[in-house]
Amino acid sequence: PDPDWASYTLGVFICLSCSGIHRNIPQVSKVKSVRLDAWEEAQVEFMASHGNDAARDKYESKVPPFYYRPTFSDCQLLREQWIRAKYERQEFTHPDKQEPYSAGYREGFLWKRGRDNGQFLSRKFVLTEREGSLKYFNRNDAKEPKAIMKIEHLNATFQPAKIGHPHGLQVTYLKDNSTRNIFVYHEDGKEIVDWFNALRAARFHYLQVAFPGASDADLVPKLSRNYLKEGYMEKTGPKQTEGFRKRWFTMDDRRLMYFKDPLDAFARGEVFIGSRESGYTVLDGLPPSTQGHHWPHGITIVTPERRFLLACETEMEQRAWVEAFRKVVDRPMLPQEYAVEAHFKHKP
């Protein structure tokens, strides 16, 4: 909103953080401040005769529906690769340049974090839309993949801060109905964003078959999702007599997962959070008799089976978590979510 910068060679207005990215491609885009720099009359006329809508019509004329369009709140990598794809490589005016993510098949090497030792090692990945899977292999000559991730249950989200690399991508999939995380990156920013969009393309085509009547607008929000919230909280066990332990929590759609460490492969536990009409509520604070928590700002999640007691370090964190939980609880459940809920109820 209210961009203060402009590319006077492309004729578009841009925000401060994107102006830095435009500066890195001077052969395509030259940048000025709307308020602070001197403007020549010809440049002003050029801006007046072009503008963002005209640029969109020209440079975004053939963006595939599955391609992730970043917003100003997305990570630097996604914004940079979108700008480069659009203006420098002109991928959305020449569809033949979209091959890396639209072909339905992709293989290559990514640095993957080891599940037990935390070291990043080069691993071969193969995405095949025909088989509906993403696989990775522990050795180049391995016949059998180490893991087969079904496109149906796959999610990918950029997590540079958590992974500690500006191109860090977290891929999650369901294994025996439990969430499994893998953390990968590639040194080349274009390469990892191409992988991300190839995964979204595979999911898009899978969903088109699964929901034949659905429009692109219905399917696109389901291709990949960012987490509603992540961070540390304390929790106690089901008897609520054990001490509280600090855990890393991730709210992924209706699954609240907790981990000992943010980069763990498997969650220590998962809680399904249904809707208000199914008996789920979120309360500020903890029951008066609660003991053993170090952090003062409590949250109680009430489910039909039991109460989950959590504690946050600051009031601001507590408010943010309560808001995230209430968003989920206030949303009516979809038919397929009842099946997920039933699975959680039958978990030992």
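If you look the chain up in an unreviewed UniProt entry, it shows as ArfGAP with dual PH domains 1 from Neovison vison. Quoted verbatim from the Subcellular location (unreviewed entry) field of the UniProt record, the comment on the chain reads "Cytoplasm".

(A) Examining the overall build of the chain more closely. Looking only at helices and strands, the chain has 10 helices and 17 strands in total. Dimensions of the chain along its principal axes, counting C-alpha atoms only, are 75 × 55 × 45 Å. Looking at the chain as a whole, 49% of its 348 residues are labelled buried. Long-range contacts, defined here as pairs at least 24 residues apart, represent 50% of the contacts in the chain between residues at least 6 apart.

(B) Summary view of the environment of Asp284. When you line up the elements, Asp284 lands in strand E15 (residues 281-284). Separated by 35 residues in the primary sequence, Asp284 and Arg319 have C-alpha atoms spaced 8.7 Å apart. Sequence-distant contacts of Asp284, defined by excluding residues within four places in its chain, comprise Gly298, Gln318, Val322 and Arg326.

(C) Up close: the pairing of strand E7 (residues 147-150). Of the two faces of E7, the one lined by Ala147 and Met149 is fully buried and the one lined by Ile148 and Lys150 carries no buried residue. Note: strand E6 (residues 133-137) against E7, four bridges, orientation antiparallel. In the strand pairing of E7, Leu134 is matched with Met149.

(D) The state of the cysteines, seen in detail. According to the stated counting rule, one finds zero disulfides in the structure shown. In this structure Cys15 is a free cysteine whose sulfur lies 3.8 Å from that of Cys18, the closest cysteine sulfur available.

(E) Expanded view of the packing of aromatic side chains. Under the criterion given, the structure shown has 20 aromatic pairs. Taken together, the aromatic side chains of Phe66, Tyr67, Trp82, Phe92, Tyr101 and Phe204 make up a single cluster linked through ring pairs. Positioned above the aromatic ring of Phe137, the side-chain terminus of Lys124 is 5.3 Å from the ring centre. One residue, Lys246, lies across the ring of Tyr232, its end atom 4.5 Å from the ring centre.

(F) Just helix H4 (residues 76-88), in detail. Compared with the 18 Å implied by 1.5 Å per residue over 13 residues, the 17 Å span of H4 between its first and last C-alpha is a close match. Here H4 lies mainly inside the structure; 10 of its 13 residues are buried. Of the residues making up H4, those classed as buried are Leu77, Leu78, Arg79, Gln81, Trp82, Ile83, Arg84, Ala85, Lys86 and Tyr87. Those residues of H4 that are buried lie in contact with strand E2 (12-14), helix H1 (16-23), helix H3 (52-59), strand E8 (155-158) and helix H7 (189-210).

(G) Main features of the UniProt feature "domain: Arf-GAP" (unreviewed entry) in the chain. As annotated by UniProt and renumbered to match this structure, "domain: Arf-GAP" (unreviewed entry) occupies residues 1-100. The span residues 1-100 shows a helical share of 40% and a strand share of 9%, and its end C-alpha atoms are spaced 32 Å apart.

(H) Quick peek at H1. Regarding H1, the residues found buried are Cys18, Ser19, Ile21 and His22. Angularly, the buried residues of H1 cover 160° about the axis, an arc narrow enough to put them on a single face. Packing partners of the buried residues in H1 comprise strand E1 (5-7), E2, strand E3 (31-33) and H4.

(I) Just the pairing of strand E13 (residues 255-259), in detail. The buried fraction of E13 is high, at five of five residues. Covered by surrounding structure in E13 are Arg255, Met257 and Phe259 together with Leu256 and Tyr258, the residues of both alternating faces. Examined bridge by bridge, strand E12 (residues 245-252) and E13 share five bridges and lie antiparallel to one another. Across the sheet, residue Phe249 finds its bridge partner in E13, namely Tyr258. Linking E12 back to E13 in an antiparallel pair, the connection comprises two residues, with Asp253 at a positive phi of about 60°. Two elements, E13 and strand E14 (residues 269-272), share four bridges in a ladder whose sense is antiparallel. Within E14, the residue paired with Arg255 across the bridge is Phe272.

(J) Structural detail: the nonpolar core. If you look at the biggest cluster of nonpolar residues, it comprises 52 residues, and the most contacted ones within it are Phe125, Leu134, Met149 and Phe158. Counting residues per element, this core draws most heavily on H7, at 10 residues. Not counting residues up to four positions away in its chain, the partners in contact with Phe125 are Arg106, Glu107, Gly108, Leu110, Lys112, Leu134, Lys135, Tyr136, Met149, Ile182, Val184 and Trp195. Counting residues in each nonpolar core, the second largest holds 22 residues, with Met251, Val282, Ile299 and Phe325 among its members.

(K) Main features of the pattern of salt bridges. On inspection of all chains with the given rule, the structure shows 21 salt bridges. Among the ionic pairs, Arg89 bridges to Glu91, the shortest N-O distance being 2.6 Å. For Arg89, a relative accessible area of 18% corresponds to the buried category. Owing to a relative accessible area of 2%, Glu91 belongs among the buried residues under this scheme. Linking Arg319 and Glu315 is a salt bridge whose minimum nitrogen-to-oxygen distance equals 3.2 Å. Taken together, the residues span about one helical turn, with Arg319 and Glu315 both in helix H9 (residues 315-329) at a distance of four residues. Take Glu315: its relative accessible area is 44%, and that puts it in the partly exposed class.

The rules behind each value
Residues numbered from 1 in each chain as written. Predicted model: local features only at pLDDT ≥ 70, side-chain atom pairs only at ≥ 80, totals over all residues. Heavy atoms only, no water. UniProt positions renumbered as here; feature names shortened; annotations may be inferred. Helix = DSSP H or I, 4+ residues; strand = E, 2+ residues; numbered from the N terminus. Buried < 20%, exposed > 50% of the residue type's maximum accessible area, 1.4 Å probe, protein only. Contact = heavy atoms within 4.5 Å. Pairing = 2+ DSSP bridges. Disulfide = S-S within 2.5 Å. Phe/Tyr/Trp six-rings, centres within 6.5 Å; stacked < 30°, edge-to-face > 60°. Lys NZ or Arg CZ within 6 Å of the ring centre and 35° of its normal. Expected span 1.5 Å × (residues − 1). Arc of directions from axis to C-beta. Core = buried A, V, L, I, M, F, W, Y, C linked by side-chain atoms within 4.5 Å. Salt bridge = Lys/Arg side-chain N within 4 Å of Asp/Glu carboxyl O.

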